[in-house]
Amino acid sequence: MPQTIKPLVAGNWKMNGSTAMLKEPRLLAAMMRDVKTKCDILVCPPAILTRRIKGVVKGSKIKVGGQDCHAAASGAHTGDISAEMLQDAGATYVIVGHSERRTNHKESDATVAAKAKAAHRAGLIAIICIGETLEQRKGGQTLAVLSEQLKGSIPEGSNAANTVIAYEPVWAIGTGLTASTAEVAEAHTHVRNDISKIMGEEGPKTRILYGGSVKPSNAVELMGAANVNGALVGGASLKAADFIGIIKAYM
Ligand code: 13P
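Definitions and cut-offs
Residues numbered from 1 in each chain as written. Predicted model: local features only at pLDDT ≥ 70, side-chain atom pairs only at ≥ 80, totals over all residues. Heavy atoms only, no water. Helix = DSSP H or I, 4+ residues; strand = E, 2+ residues; numbered from the N terminus. Rg over C-alpha atoms; globule rule 2.2 N^0.38 Å. Buried < 20%, exposed > 50% of the residue type's maximum accessible area, 1.4 Å probe, protein only. Near = heavy atom within 4 Å. Polar contact = N/O pair within 3.5 Å; in protein donor to acceptor, adjacent residues only side chain to side chain. Areas by Shrake-Rupley, 256 points an atom, 1.4 Å probe, with all protein chains shown as cover. Nonpolar A, V, L, I, M, F, W, Y, C, P; charged D, E, K, R; others polar. Right-handed = clockwise from strand over helix to strand, strands pointing away. Pairing = 2+ DSSP bridges. Salt bridge = Lys/Arg side-chain N within 4 Å of Asp/Glu carboxyl O. Core = buried A, V, L, I, M, F, W, Y, C linked by side-chain atoms within 4.5 Å. Contact = heavy atoms within 4.5 Å. Axes fitted to C-alpha atoms, helices over the stretch in contact; angles between N-to-C directions. Parallel < 35°, antiparallel > 145°, perpendicular 65-115°, else oblique. Left-handed = near helix turned anticlockwise from the far one by under 90°. Expected span 1.5 Å × (residues − 1).

### Observations concerning the overall build of the protein
Then comes step 1: In terms of regular secondary structure, the protein is built from ten helices and eight strands.
Then comes step 2: In terms of overall dimensions, the protein is globule-like: its C-alpha atoms have a radius of gyration of 17 Å, near the 18 Å expected for 251 residues.
Then comes step 3: Overall size of the protein, expressed as C-alpha extent along the three principal axes, is 45 × 45 × 35 Å.
Then comes step 4: The 251 residues of the protein split such that 54% are buried.

Right, here's the structure in full:
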């Protein structure tokens with residue numbers, strides 16, 4: 001990995017969070033005071049907590065992001081949240097195209113690209129997620145699936161400053177299963193080559209995160225795989241004690 005890439009360790013809280021859980025980012029911010037990391041740190045709570053968490057981590061290097069956004073800036077879209085609203089609430093990043101949204105909300109690559117474009121319009125960094133299902137992996141389609149998702153999900157105008165790619169094998173999410181270091185290296189190197197074709201000279205500088213059952217016990221090993229520039233963490237991001245263990249892999 002080129003020395004110029006600053007890793008990102010991002011927590012995706014998914015549909016978890018409450019006022020009571022604000023103690024975790026507060027604790028994380030306190031723990032961070034004694035830790036010298038070379039990475040960026042991000043927490044993506046449900047949007048209802050964006051502003052609260054922003055306040056709780058004030059003065060620390062922890063950034064706050066969203067988990068999804070609508071492609072439009074505003075309008076008649078009941079229940080949706082725009083990238084501009086996230087930005088207004090203090091977010092600097094937003095995850096788009098998470099496999100749970102691609103599956104549960106039938107989001108296509110084109111929808112994901114439109115959302116990433118909206119993120120850029122609002123001045124947010126888009127974390128564009130891709131990943132194959134177990135069936136696709138077993139069928140030897142992994143690299144082709146990743147190529148197709150990248151081709152369709154990265155909007156024009158994407159660069160290393162406004163875009164992060166997250167490779168999350170669907171079968172590794174929330175299952176305790178992780179891809180082997182060799183599998184991660186193969187996928188990430190493939191993603192690196194593809195984004196270098198799509199994004200030109202920005203491709204080699206763009207961060208590629210691994211996600212799927214990342215925990216303190218496997219973070220160092222996963223980080224060591226070729227072209228891994230950080231982690232997108234679900235379950236293990238909910239507790240400060242676990243999340244700091246992953247962040248420490250990037251010291
Ligand atoms: P887990 O870390 O819980 O497997 O979730 C990964 C994920 O989906 C992060 O976006």
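From this point, the discussion proceeds with the structure in view.
### Brief notes about the site of the ligand
Then comes step 1: Contacts to the ligand come from 13 residues, most closely from Lys14, His98, Glu168, Gly174 and Ser213.
Then comes step 2: Between the ligand and Glu168, the relevant distance is 2.9 Å, taken from an oxygen atom to a side-chain nitrogen or oxygen of the residue.
Then comes step 3: Relative to its unbound accessible area of 310 Å², the ligand is 94% covered by the protein chains.
Then comes step 4: Here the shell around the ligand is composed, by residue class, of four nonpolar, seven polar and two charged.

### Regarding the pairing of strand 1 (residues 8–12)
Then comes step 1: In terms of residue burial, strand 1 counts as a mostly covered element, since five of its five residues are buried.
Then comes step 2: The alternating pattern of strand 1 places Leu8, Ala10 and Asn12 on one face and Val9 and Gly11 on the opposite face, and all of these are buried.
Then comes step 3: Remark: the strand 1/helix 1 (residues 23–32)/strand 2 (residues 40–44) crossover connection has right-handed handedness.
Then comes step 4: Both strand 1 and strand 8 (residues 230–233) contribute to a ladder of four bridges, which runs parallel. Across the sheet, the residue bridging to Leu8 is Gly230, located in strand 8.

### Some details on the pattern of salt bridges
Then comes step 1: For the structure shown, the criterion picks out 16 salt bridges.
Then comes step 2: The partner of Asp88 in a salt bridge is Arg51, with the nearest N and O atoms 3.7 Å apart. Placement of Asp88 in helix 3 (residues 83–88) and of Arg51 in helix 2 (residues 50–56) is noted, with a sequence separation of 37 residues between them. Each member of the pair, Asp88 as well as Arg51, is classed as exposed.

### A short note on the nonpolar core
Then comes step 1: Counting residues in each nonpolar core, the largest one holds 64 residues, and the members touching the most others are Leu28 and Tyr210.
Then comes step 2: In terms of residues, this core owes the most to one element, helix 8 (residues 181–199), which gives six residues.
Then comes step 3: Sequence-distant contacts of Leu28, that is, excluding residues within four places in its chain, are made with Val43, Ile62, Ala240, Phe243, Ile244 and Ile247.

### Considering the packing of helix 1 against helix 10 (residues 240–247)
Then comes step 1: Close contact between helix 1 and helix 10 brings their axes to 9 Å; oriented N to C, the two are set at 40°. When the axes of helix 1 and helix 10 are compared, the pair comes out oblique. By crossing handedness, the relation of helix 1 to helix 10 is classed as right-handed. In contact with Glu24, Leu27, Leu28, Met31 and Met32 of helix 1, helix 10 contributes Ala240, Ala241, Phe243, Ile244 and Ile247.
Then comes step 2: Across the contact of helix 1 with helix 10, the residue classes break down as nine nonpolar, no polar and one charged.

### Quick word on the side chain of Asn218
Then comes step 1: Structurally, Asn218 is set in helix 9 (residues 216–223).
Then comes step 2: Beyond its immediate sequence surroundings of up to four residues, Asn218 is in contact with Thr178 and Ser213.

### Observations concerning the pairing of strand 8
Then comes step 1: Alternating residues of strand 8 divide into Gly230 and Leu232 and Ala231 and Val233, and every residue in both groups is buried.
Then comes step 2: With two bridges joining them, strand 7 (residues 207–211) and strand 8 adopt parallel strand pairing. Within strand 8, the position partnered with Tyr210 by the bridge is Ala231.
Then comes step 3: Note on the crossover from strand 7 through helix 9 to strand 8: the handedness is right-handed.

### Describing helix 5 (residues 109–121)
Then comes step 1: For helix 5, which comprises 13 residues, the first-to-last C-alpha distance of 18 Å matches the rise-based estimate of 18 Å (1.5 Å per residue) to within 8%.
Then comes step 2: Along helix 5, the residues that are buried comprise Asp109, Val112, Ala113, Lys115, Ala116, Ala118, Ala119 and His120.
Then comes step 3: Its buried side turned inward, helix 5 meets helix 3, strand 4 (93–96), helix 4 (99–104), strand 5 (125–130), helix 7 (142–153) and strand 6 (163–167).
Then comes step 4: Of the residues one or two after helix 5, Gly123 is the one with positive phi, at around 85°.

### Structural notes on unusual backbone geometry
Then comes step 1: Even without being glycine, Lys14 reaches a positive phi, approximately 55°.
Then comes step 2: Looking at the element boundaries, Lys14 is found in the loop between strand 1 and helix 1.
Then comes step 3: Despite not being glycine, Asn227 has its phi angle at roughly 65°, a positive value.
Then comes step 4: Tracing the sequence through the fold places Asn227 in the loop between helix 9 and strand 8.
Then comes step 5: Of the residues examined, Asn227 reaches a relative accessible area of 14% and is grouped as buried.

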